[in-house]
Amino acid sequence: MEKEEFERLERKISTLEKELYLVKRQLIQAKSESEVPVIHKAKVYEEPEKQLPAEESEPFIEKEPFDFSVERWLPKVFLFVLLIGSIWGFMAASQNGWVTPGLRVLTGAVISIVMYFLGERYIRDQRKLALTLLSGSIVLSIITLFSANILYGYISGLITNLLLLVIISVGLWISHKHGSEVVLCLIGAGAYLFPFIFAGDERNEWLFYGYELVLFFVLMTFSTVKRYRIAWNIHYYLLYFSLFFFAAFGVGAMTLTVLVPFAIQHAYILLLIVLNRDERVSAEMIPALVTGSFILLGLLNDIYAGIPLFYYVIFAGVYIGVSFIEPKEKKQTKDVLLVLGFLHVLLFLFELFEYDWRFVLVGLQATALLWLAGRRESYLGLIASILLMMCSFLAVLVGASDDFFTIELPIFVIAFGYVYLFTRYNKKESSFLNVSTTAIKVVLTGLVMFFVLRLTDFIVIGWDYTPRTTAFTVAIAALSIAYLIYGESRKDAFYRWVGISFLALALVKFFLADLVFLDFTIRAMILIPIGVIGLVLSRILYRKE
């Protein structure tokens, strides 16, 4: 009886559950039908509501600094702490006699391998942590190799070279596989500074240079292909450091042997510039090119009492030749190479000739560089040509006046031609100069004034002191009259005012400096012509007004 009652209650409960389920379904359908128009109306505002990225980006922006510090910097900090702690731990264990040298080397190798496999395992989920582990494995393996070869002498130099080659190859593969510049930088830092050749059992100078150059070629080429700017600069300048360190503190010395790897490095940079058609990449090589050029000059100057002339000729030809080979798109590279070439021409001239007339050739060089700068619209070439012209004028300033026709007059002729060429480029509508005409006239006036004074000095070089100083006054007065006539004929107010200024200067000098030393006859001979000419010119100017 009780069993039948229990079954009857179960059937009722089952029936009620089915009915409740049907009621729920009907309610859901009714609710969905009642919300249809609301949904359609909301679609009108669907476009502005689609700006979900802004809402989603808010929490992302808030998380970014935190995620950045955790994923990028924190693993590196902990890895550094781990390495330092491990070194101190090994030092403590060594002092206490707990571990043998062989166990230390083995432990370093095992930890390096473990870090490598952990990095490869976490590369998909935690990329920055994985790259940190991979980089640390490369550095630790190099340190372990250093210990095995230098500190404990367990392996020979040949085996060390082979193992280091394997480590570097693995590091390059990791950098290429995961696109990591950090790994490539650490490879260079560890491999370049590895001192096993000059501190271990293979004290061979040429072996060291050969190893460093091969490493340089591999890392520089890889960095250039991958466009890694930081790694490129690290690998370039670390070679400088390692070579200089070897020459200063190793078995090497500042000899011609040291110059060979530097020259090869410089030639390789020139080759990369020629082969690479990207101006951005070549622009990164320009500081390295300039640095290498001056380092080679410094090394030669230290090795030789006088740098061989063929060196200047070869490098001047190489720089200028590559400058003309480079395409027009690489304007900055062309300009730097051209200026470096002209610099070596300048050094060649100063080394070849010992007389002051070599400055005449420098002036011609300045004019040629100005012509090329105008053709290429190069500000760098323009500045270099101005510096060369100023260098040419050193002969005028320090030279003796009796060399006026052989040295000073040709330099002045070249200088006037230089200003004329400058003015010609400046007048073009598409000119890159855009220098005011007044500024050019000021420079030309100063040049003329300087020329007149040097010519006067040549004429009166053997005179007594008093007539000699007065001759400069007469020369300035004559120049002022010439400027007044020229300004009036060309209807140029600038030259008129220059003539008046020179005339005022001549009169002030005459009355304050020359008058007390002259007798009345000479005073009259000077003042009467100046007064007559001044009245005539004043009358002409008055009529024009």
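Model, not experiment: these values are computed from the prediction.

**Some words on the overall build of the chain**
Here's step 1: Each helix and strand counted, the chain has 23 helices and zero strands in total.
Here's step 2: The burial tally for the chain puts 39% of its 545 residues in the buried class.
Here's step 3: Of the roughly 31800 Å² of accessible surface on the chain, 69% is carried by carbon and sulfur atoms.

**Considering the packing of helix α14 (residues 309-325) against helix α15 (residues 331-352)**
The relative placement of two packed helices is expressed as an angle between their axes plus a distance between the axes.
Here's step 1: Running from amino to carboxyl end, α14 crosses α15 at an angle of 155°, the nearest separation of the two axes being 8 Å. Judged by the angle between their axes, α14 and α15 are roughly antiparallel. α14 and α15 meet at a crossing whose hand is left-handed. Side by side, α14 and α15 meet where L309, Y311, Y312, V313, F315, A316, Y319, I320, V322, S323 and F324 of the first sit next to K334, L337, L338, L340, G341, F342, H344, V345, L347, F348, E351 and L352 of the second.
Here's step 2: Here the residues of the contact of α14 with α15 are counted per class, giving 18 nonpolar, three polar and two charged.

**Looking at helix α16 (residues 358-376)**
Here's step 1: Between its first and last C-alpha, α16 extends 27 Å over 19 residues, near the 27 Å set by a 1.5 Å rise per residue.
Here's step 2: When you tally the buried positions in α16, you get 14 out of 19 residues, the bulk of the element.
Here's step 3: Residue E377 follows α16 closely and has a positive phi angle near 55°.

**A closer look at the nonpolar core**
Here's step 1: By size, the foremost hydrophobic cluster in this structure holds 65 residues, and its most contacted members are I168, F216, W232, Y236, F262, I269 and Y311.
Here's step 2: Ranked by residue count, the leading element in this core is helix α13 (residues 279-303), at 10 residues.
Here's step 3: Ignoring sequence-local partners within four residues, the contact set of I168 consists of I187, A191, Y211 and L215.
Here's step 4: Within the second largest apolar cluster, 35 residues are counted, among which are L346, F393, I411 and A415.

**Considerations on helix α10 (residues 205-226)**
Here's step 1: In a regular helix each residue adds 1.5 Å, so 22 residues correspond to 32 Å; α10 covers 32 Å between its end C-alpha atoms and thus fits that length.
Here's step 2: Within the span of α10, buried status applies to F208, Y209, Y211, E212, L213, L215, F216, L219, M220, F222, S223 and T224.
Here's step 3: Following α10 by one or two positions, R227 adopts a phi angle in the positive range, close to 60°.

**A look at the packing of aromatic side chains**
Where two aromatic rings form a pair, the distance of their centres and the angle of their planes describe that pair.
Here's step 1: Tallied over the entire structure, the rule returns 30 aromatic pairs.
Here's step 2: Geometrically, the ring pair formed by Y240 and F262 is stacked, given 5.4 Å between the ring centres and 25° between the ring planes. Note that Y240 is positioned in helix α11 (residues 229-249) and F262 in helix α12 (residues 256-275), a separation of 22 residues in sequence. Side by side, Y240 and F262 carry an identical accessibility label, which is buried.
Here's step 3: Following the ring pairs from residue to residue traces out a cluster consisting of F216, F217, W232, Y236, Y237, Y240, F244, F262 and Y268.

**Re empty space enclosed by the protein**
Here's step 1: Inspection of the entire model under this criterion finds two cavities of 30 Å³ or more.
Here's step 2: Taken as a whole, the largest cavity holds about 70 Å³ of empty space.
Here's step 3: Along the walls of the largest cavity sit 10 residues, with T224, R227, W232, V281 and E284 positioned nearest its centre.
Here's step 4: Where the lining of the largest cavity is concerned, the elements lending two or more residues are α10, α11 and α13.
Here's step 5: For the lining of the largest cavity, the element with the most residues is α13, which contributes four residues.

**Considerations on the pattern of salt bridges**
Here's step 1: Per the stated rule, a full pass over the model turns up six salt bridges.
Here's step 2: The partner of K331 in a salt bridge is D335, with the nearest N and O atoms 3.2 Å apart. Taken as a pair, K331 and D335 lie in helix α15 at a separation of four residues, close to a single helical turn.

**Some remarks on unusual backbone geometry**
Here's step 1: The phi dihedral of R227 is positive, around 60°, even though this residue is not glycine.
Here's step 2: Tracing the sequence through the fold places R227 in the loop between α10 and α11.
Here's step 3: A relative accessible area of 41% places R227 in the partly exposed class.
Here's step 4: Its identity is not glycine, yet K491 carries a phi of approximately 55°, on the positive side.
Here's step 5: The residue K491 is located in the loop between α21 (465-489) and α22 (493-514) in this model.

**Describing the packing of α15 against α16**
Here's step 1: Relative orientation of the contacting elements α15 and α16 amounts to 170°, with a least axis distance of 10 Å. Looking at the two axes, α15 sits roughly antiparallel to α16. Contacts between α15 and α16 involve K331, K334, D335, L338, F342, V345, L346, L349 and F350 on the former and, on the latter, R358, F359, L361, V362, Q365, A368, L369, L372 and R376.
Here's step 2: When its residues are assigned to classes, the contact of α15 with α16 shows 12 nonpolar, one polar and five charged.

**Observations regarding the confidence of the model for the chain**
Do not read the predicted coordinates in detail wherever pLDDT is low.
Here's step 1: Averaged over the chain, the pLDDT score is 78; the fraction of residues at 70 or greater is 75%.
Here's step 2: Across residues 197-202 the pLDDT falls below 50, and counting only partners more than four positions away or on other chains, this stretch makes 20 contacts in the model.

**Re the environment of G119**
Here's step 1: Position of G119 among the secondary structure elements: in helix α5 (residues 101-121).
Here's step 2: The class for G119 is buried, based on a relative accessible area of 0%.
Here's step 3: Measuring from C-alpha to C-alpha, the distance between G119 and L133 comes to 5.1 Å, with 14 residues separating the pair along the chain.
Here's step 4: Other than its neighbours up to four places away in sequence, G119 contacts A130, L133 and L134.

**Observations concerning the environment of S385**
Here's step 1: Position of S385 relative to the elements: it lies in helix α17 (residues 379-392).
Here's step 2: For S385, a relative accessible area of 0% puts it in the buried group.
Here's step 3: Measuring from C-alpha to C-alpha, the distance between S385 and G363 comes to 8.9 Å, with 22 residues separating the pair along the chain.
Here's step 4: For S385, the residues in contact, after removing those within four places along its chain, are A366, L369, L370 and Y418.

**Overview of a positive patch on the surface**
Here's step 1: There is a patch of like positive charges on the surface, built from K328, R375, R424 and K428.
Here's step 2: With respect to the helices and strands, R424 occurs in helix α19 (residues 404-427).
Here's step 3: Taking relative accessible area as the criterion, R424 reaches 54% and is therefore assigned exposed.

Conventions and cut-offs
- Residues numbered from 1 in each chain as written.
- Predicted model: local features only at pLDDT ≥ 70, side-chain atom pairs only at ≥ 80, totals over all residues.
- Heavy atoms only, no water.
- Helix = DSSP H or I, 4+ residues; strand = E, 2+ residues; numbered from the N terminus.
- Buried < 20%, exposed > 50% of the residue type's maximum accessible area, 1.4 Å probe, protein only.
- Areas by Shrake-Rupley, 256 points an atom, 1.4 Å probe, with all protein chains shown as cover.
- Axes fitted to C-alpha atoms, helices over the stretch in contact; angles between N-to-C directions.
- Parallel < 35°, antiparallel > 145°, perpendicular 65-115°, else oblique.
- Left-handed = near helix turned anticlockwise from the far one by under 90°.
- Contact = heavy atoms within 4.5 Å.
- Nonpolar A, V, L, I, M, F, W, Y, C, P; charged D, E, K, R; others polar.
- Expected span 1.5 Å × (residues − 1).
- Core = buried A, V, L, I, M, F, W, Y, C linked by side-chain atoms within 4.5 Å.
- Phe/Tyr/Trp six-rings, centres within 6.5 Å; stacked < 30°, edge-to-face > 60°.
- 1 Å grid on protein atoms, 1.4 Å probe; cavity = no way out; pocket = protein on both sides within 12 Å on 5 of 7 lines; lining within 4 Å.
- Points joined across faces, edges and corners; volume = space filled by probe spheres on them.
- Salt bridge = Lys/Arg side-chain N within 4 Å of Asp/Glu carboxyl O.
- pLDDT = per-residue confidence, 0-100.
- Patch = residues over 30% accessible without salt bridge, like charges linked within 9 Å, V, L, I, M, F, W, Y side chains within 5 Å.
- Lys, Arg positive; Asp, Glu negative; His and termini not counted.
- Charge placed at Lys NZ, Arg CZ, Asp CG, Glu CD.

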